[in-house]
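Observations on chain architecture
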Amino acid sequence: AQSVSQHNHHVILSEAASLELGCNYSYGGTVNLFWYVQYPGQHLQLLLKYFSGDPLVKGIKGFEAEFIKSKFSFNLRKPSVQWSDTAEYFCAVNARGSGNTGKLIFGQGTTLQVKP
Amino acid sequence: ETGVTQSPTHLIKTRGQQVTLRCSSQSGHNTVSWYQQALGQGPQFIFQYYREEENGRGNFPPRFSGLQFPNYSSELNVNALELDDSALYLCASSLEGTPVAIQYFGAGTRLSVL
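Keep in mind that this is a model prediction, so the values were computed, not measured.

What follows concerns the overall build of chain A. Assigned secondary structure in chain A consists of zero helices and twelve strands. The secondary structure elements of chain A, listed N-terminal to C-terminal, are β-β-β-β-β-β-β-β-β-β-β-β. Here chain A has a C-alpha radius of gyration of 14 Å; the compact-globule value for 116 residues is 13 Å, and the two agree. Burial status across chain A gives 47% buried among its 116 residues.

Bringing the overall build of chain B into the picture now. If you tally the helices and strands in chain B, you get zero helices and eleven strands. The order of helices and strands in chain B, counted from the N terminus, is β-β-β-β-β-β-β-β-β-β-β. In terms of overall size, chain B behaves like a compact globule, its C-alpha atoms giving a radius of gyration of 13 Å where 114 residues would be expected to give roughly 13 Å. In terms of overall dimensions, chain B has C-alpha extents of about 40 × 30 × 25 Å along its principal axes. For chain B, the proportion of its 114 residues judged to be buried stands at 50%. Of the contacts formed within chain B by residues at least 6 apart in sequence, a portion of 54% connects residues at least 24 apart.

All names here are of chain B. Under the counting rule described, the total for this entry stands at two disulfides over all chains. Disulfide pairing is shown between Cys-23 and Cys-91; the S-S distance is 1.7 Å. As the torsion about the S-S bond is roughly -55°, the Cys-23-Cys-91 disulfide counts as left-handed. With Cys-23 in strand 3 (residues 19–24) and Cys-91 in strand 9 (residues 87–94), this residue pair connects regions lying 68 residues apart in the sequence. Of the two residues, Cys-23 and Cys-91, neither departs from the other in class, the shared state being buried.

Our next topic: the interface of chain B and chain A. Taken together, the contacts link 22 residues of chain B with 17 residues of chain A. Interface of chain B and chain A: buried area, both sides summed, is about 1,500 Å²; carbon and sulfur atoms make up 65% of it. Across the chain B-chain A interface, the total number found is zero salt bridges. The interface formed by chain B and chain A includes two residue pairs in polar contact (both at pLDDT 80 or more). Of all the secondary-structure elements, those providing two or more residues to the side of chain B that touches chain A are strand 4 (31–37), strand 5 (44–50), strand 6 (53–57) and strand 9 of chain B.

Let us look at the pattern of salt bridges. All names here are of chain A. All chains considered together, the criterion is met by eight salt bridges over all chains. Two residues, Glu-64 and Lys-58, come together in a salt bridge whose shortest N-O distance is 2.9 Å. Judged by its relative accessible area of 18%, Glu-64 falls in the buried class. Here the salt bridges share partners, and the residues they tie into one network are Lys-58, Glu-64, Glu-66 and Arg-77.

Rules of the game
Residues numbered from 1 in each chain as written. Chains lettered and ligands numbered in written order. Predicted model: local features only at pLDDT ≥ 70, side-chain atom pairs only at ≥ 80, totals over all residues. Heavy atoms only, no water. Helix = DSSP H or I, 4+ residues; strand = E, 2+ residues; numbered from the N terminus. Rg over C-alpha atoms; globule rule 2.2 N^0.38 Å. Buried < 20%, exposed > 50% of the residue type's maximum accessible area, 1.4 Å probe, protein only. Contact = heavy atoms within 4.5 Å. Disulfide = S-S within 2.5 Å. Buried area = accessible area lost by both parts, 1.4 Å probe. Salt bridge = Lys/Arg side-chain N within 4 Å of Asp/Glu carboxyl O. Polar contact = N/O pair within 3.5 Å; in protein donor to acceptor, adjacent residues only side chain to side chain.

Set out below in structure tokens:
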């Protein structure tokens with residue numbers, strides 16, 4: 001069965017610190033990869049996505065992620081976090097191929113708390 | 001704002017009751033997916049509707065059912081509610097049939113089962 005694992009459940013950083021959130025998935029075929037963010041009291045928003053091509057993708061608000069196929073990983077990074085980045089972050093995978101719908105499989109999320 | 005609206009925002013039911021949740025998809029989208037998000041967990045896929053037909057289902061029992069209407073809006077129905085059904089229910093709309101579809105989420109309906 002396909003699954004997504006996010007290694008860090010709760011991360012606390014000071015402003016200007018660098019961020020890296022880990023995400024690994026289990027699926028042997030071709031995948032689409034996503035990071036979503038949920039700010040307090042708001043809906044899930046797409047941060048960035050990878051479908052094909054350059055494995056280093058850039059998203060909104062200075063976030064980027066790198067797809068490493070050999071490691072089944074799609075880690076999220078930001079060089080310098082801000083207090084406004086406090087939120088919950090979800091990695092999600094969509095398995096491509098016949099018989100697969102557009103369903104997203106989510107990790108359990110990482111709560112990021114940025115201290116001013 | 002994603003243009004995906006869900007109603008109601010909050011709902012309290014008792015065990016054994018039935019509930020209907022509603023979702024209006026973003027303009028131009030033809031597909032609606034439903035997810036259940038328990039507290040402290042990531043969303044779990046319930047099912048997807050494409051052109052009014054169920055197009056994939058997650059590991060949820062038959063008492064979870066859905067509909068999609070010609071205008072692409074959708075309903076999620078849950079019968080015989082159980083305490084474990086208490087969760088945030090998310091609807092996401094997308095345009096399937098394109099090379100890659102991105103799902104846009106609504107704010108959710110928080111269901112409490114007492």
